[in-house]
Amino acid sequence: MEVLIAETYDEMSVRAAAVVGKLIKIKPNAVLGMATGSTPLGLYRELVRLHQDEGLDFAQVTTFNLDEYVGLPNDEPHSYHYFMHEHFFQHVDVPSGNIYIPSGTTSNHAAFCAWYEERIRECGGIDIQILGIGADGHIAFNEPGSSLGSRTRLKTLARQTIEDNARFFERPDDVPVYAITMGVGTILEARAIVMLANGKTKAAAVARAIEGPVTSMITASALQLHPSVRVFLDRDAASELQMNDYWNWVQENRPRQG
Ligand code: PGA
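Please read all numbers here as calculations on a predicted model, not as lab measurements.

**Q** What should I look at first to understand the sheet that holds strand E6 (residues 128–131) in this one?
**A** Each strand in a sheet pairs with its neighbour through backbone hydrogen bonds, running either in the same direction (parallel) or in the opposite one (antiparallel). Across the sheet, seven strands lie side by side as E1-E10-E9-E6-E2-E3-E5; this open sheet has parallel pairing. Of all strands in the sheet, those bounded by a partner on one side alone are strand E1 (2–6) and strand E5 (99–100). Pairing between strand E9 (residues 192–197) and strand E10 (residues 229–234): five bridges, direction parallel. By the bridge assignment, Val 194 is partnered in E10 with Arg 230. The strands touched by helix H1 (residues 9–26) within the sheet are E1, strand E2 (31–34), E6, E9 and E10, with E10 carrying the most contacts at an inclination of about 155°.

Quick look at the structure:
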């Protein structure tokens, strides 16, 4: 695991976007795993800037989103379909047929989830998965206690997640209780993973995910089992890491690519 600590949210976002942009330049038909929430907004802003100012081309890119609330139509402003359109897809040139987001309105959850997993495989697997982390250590909507081998499925959200996400809704009761989410096992099959976290509210979860034991109680800790993970943090999110000196030392002394 590589841990990169930036001074600010913007610096963190730009550095993470550079990794995604570099992949797309090397592999124009890359398959990207997308995340929603406040964390990746800066990363999407920077990818849009790279597209508009520097010609980063998404015309052959395919995307798979991590999750979606159950019960919200695609055009509902709180849905992740809407979020992705607003903050990313309307600004870049990913063909609409290459965009996959779990359906919040399917009547057959099991069949949809099996199809989603199959589509990821048919598209060659995810090259790089973007992740945030919840204050309870979740990745996607894999709440504490989720199997570390879990696949895409219907999931009941934890109370804390509902409370955390209530800020986006008018009333706490409006937050959906269910979501369709990629599983931890699905996420671990991505070839590379970029996880971002900013702010003090994430510091404890980040420390447990990176430096604590691997446990289903902090599903982000499963990333320790993955061979290619880069974690981008701002100073606040990094503030509870015990090995801060070490993570910085490694960054300052990265071996030259030979
Ligand atoms: P946030 O959510 O980016 O809105 O903080 C992250 C997450 O819950 O994965």
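**Q** Is there a simple way to think about the pairing of strand E3 (residues 62–65) in this case?
**A** Along a regular strand, successive side chains alternate from one face of the sheet to the other. Covered by surrounding structure in E3 are Thr 62 and Phe 64 together with Thr 63 and Asn 65, the residues of both alternating faces. Sheet topology places E2 next to E3; four bridges connect them, and they run parallel. Within E3, the residue paired with Met 34 across the bridge is Asn 65. Of the pairings in the sheet, the one linking E3 to E5 comprises two bridges and is parallel in character. By the bridge assignment for E5, Thr 63 is matched with Ile 99.

**Q** Would you mind going over the site of the ligand with me for this structure?
**A** All residues in the neighbourhood of the ligand are listed as Gly 37, Ser 38, Thr 39, Gly 132, Ile 133, Gly 134, His 138, Arg 167 and Lys 202. Interatomic distance of 2.9 Å between a backbone N/O atom of Ser 38 and an oxygen atom of the ligand. The separation between an oxygen atom of the ligand and a polar side-chain atom of His 138 is 2.6 Å. In isolation the ligand offers 280 Å² of accessible surface; the protein chains occlude 84% of this area.

**Q** Explain the nonpolar core to me, please; I cannot follow it from the model alone.
**A** Within the largest apolar cluster, 73 residues are counted, with the highest numbers of intra-cluster contacts made by Leu 32, Tyr 44, Leu 47, Phe 58, Phe 88, Leu 233 and Leu 241. Broken down by element, the residue count for this core peaks at eight residues, all from H1. Beyond its immediate chain neighbours, meaning those up to four positions away, Leu 241 contacts Val 3, Val 206, Ala 207, Ile 210, Glu 211, Leu 233 and Trp 247. Core analysis: the second largest hydrophobic core is formed by ten residues, Tyr 80, Phe 141, Ile 162 and Val 175 among them.

Rules and cut-offs
- Residues numbered from 1 in each chain as written.
- Predicted model: local features only at pLDDT ≥ 70, side-chain atom pairs only at ≥ 80, totals over all residues.
- Heavy atoms only, no water.
- Pairing = 2+ DSSP bridges.
- Helix = DSSP H or I, 4+ residues; strand = E, 2+ residues; numbered from the N terminus.
- Contact = heavy atoms within 4.5 Å.
- Axes fitted to C-alpha atoms, helices over the stretch in contact; angles between N-to-C directions.
- Buried < 20%, exposed > 50% of the residue type's maximum accessible area, 1.4 Å probe, protein only.
- Near = heavy atom within 4 Å.
- Polar contact = N/O pair within 3.5 Å; in protein donor to acceptor, adjacent residues only side chain to side chain.
- Areas by Shrake-Rupley, 256 points an atom, 1.4 Å probe, with all protein chains shown as cover.
- Core = buried A, V, L, I, M, F, W, Y, C linked by side-chain atoms within 4.5 Å.

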